[in-house]
Amino acid sequence: MEPIFQGILLLRDGRDLCSNAYVVRARDGSEKILLVDSGDGKLEGVAGLEPELVLLTHGHFDHTGGVKKRWRALLHEGDFLGDRFIRAPAHAEKYPLEMRVRWRDWNFEIIHTPGHTPGSVSIFERKSGVLFSGDTLFSEGILGRTDLGFGSQEQIEQSRDDLLALDYSVLCPGHDGIERRR
Ligand SMILES: [Zn+2]
């Protein structure tokens, strides 16, 4: 586990087709955790966790595969699709309409950033400056793929512009390493 910010850890292994997962710890003394993405089901360290909530950046199987049935998981309504690569957990719930998730002492803004998939979101925690960008934007300005079905190059470029305009300090993408901005 790699510490990103106080209370946030990165879980990552070397496999291309497995997403990163980020563990967010409550700082209210409860020792509860939240997970951003879950890996493909084989990501080391995920199986032993018991998150109170999982925020999914999109529905691709390498991000959703680690979600267990008893875990509460949120996914954007745009990714409740039938597709070869998009696999919404059957019990997943949709993000609330106000696109904000308050969990314990954290306050997440859910930003719809379509293009990689129709329901891709990025998750911004304004206080810490941490931005979870899923497969929309990677380090060094690299954009996610749009050739996997339901992708849109035009949309992902707009989504990137939306993200770059945010006052974030750490980019936490769905694959590979993080990037610190200032
Ligand atoms: Zn993806």
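## Quick word on the sheet that holds strand β1 (residues 2–5)
Strand order in the open sheet made by the seven strands is β1-β2-β3-β4-β5-β6-β7, with mixed pairing throughout. Of all strands in the sheet, those bounded by a partner on one side alone are β1 and β7 (93–94).

## Some words on the sheet that holds strand β11 (residues 130–134)
Read across the open sheet, the six strands follow the order β8-β9-β10-β11-β12-β13; overall the sheet is mixed. Both edges of this open sheet fall to β8 (100–103) and β13 (179–180), since each of them pairs with a single strand only. The pairing of β8 with strand β9 (residues 106–112) spans four bridges and is antiparallel. Bridging from a neighbouring strand, Val101 pairs with Phe108 of β9.

## With respect to unusual backbone geometry
A positive phi angle, close to 60°, is found at Glu140, a residue other than glycine. The exposure class assigned to Glu140 is exposed, which follows from the 9 C-beta atoms found within 10 Å. One non-glycine residue, Asp176, adopts positive backbone phi at about 60°. Inspection of the secondary structure assignment puts Asp176 in the loop between β12 (170–173) and β13. Taking the number of C-beta atoms within 10 Å as the measure of exposure, Asp176 has 13 and is therefore partly exposed.

## Focus on the nonpolar core
Ala21, Tyr22, Val36 and Ile123 are the most contacted members of the largest nonpolar core, which totals 35 residues. Of all the elements, strand β3 (residues 21–25) adds the most residues to this core, at four residues. In this structure Val36 touches Ala21, Tyr22, Val24, Leu55, Thr57, Ile123 and Phe132, once residues within four positions along its chain are discounted.

Rules and cut-offs
- Residues numbered from 1 in each chain as written.
- Predicted model: local features only at pLDDT ≥ 70, side-chain atom pairs only at ≥ 80, totals over all residues.
- Pairing = 2+ DSSP bridges.
- Helix = DSSP H or I, 4+ residues; strand = E, 2+ residues; numbered from the N terminus.
- Buried ≥ 20, exposed ≤ 12 C-beta atoms within 10 Å, placed from the backbone.
- Core = buried A, V, L, I, M, F, W, Y, C linked by C-beta atoms within 7 Å.
- Contact = placed C-beta atoms within 7 Å.

Interpretation note: all reported values are geometric properties and have no functional meaning in isolation.
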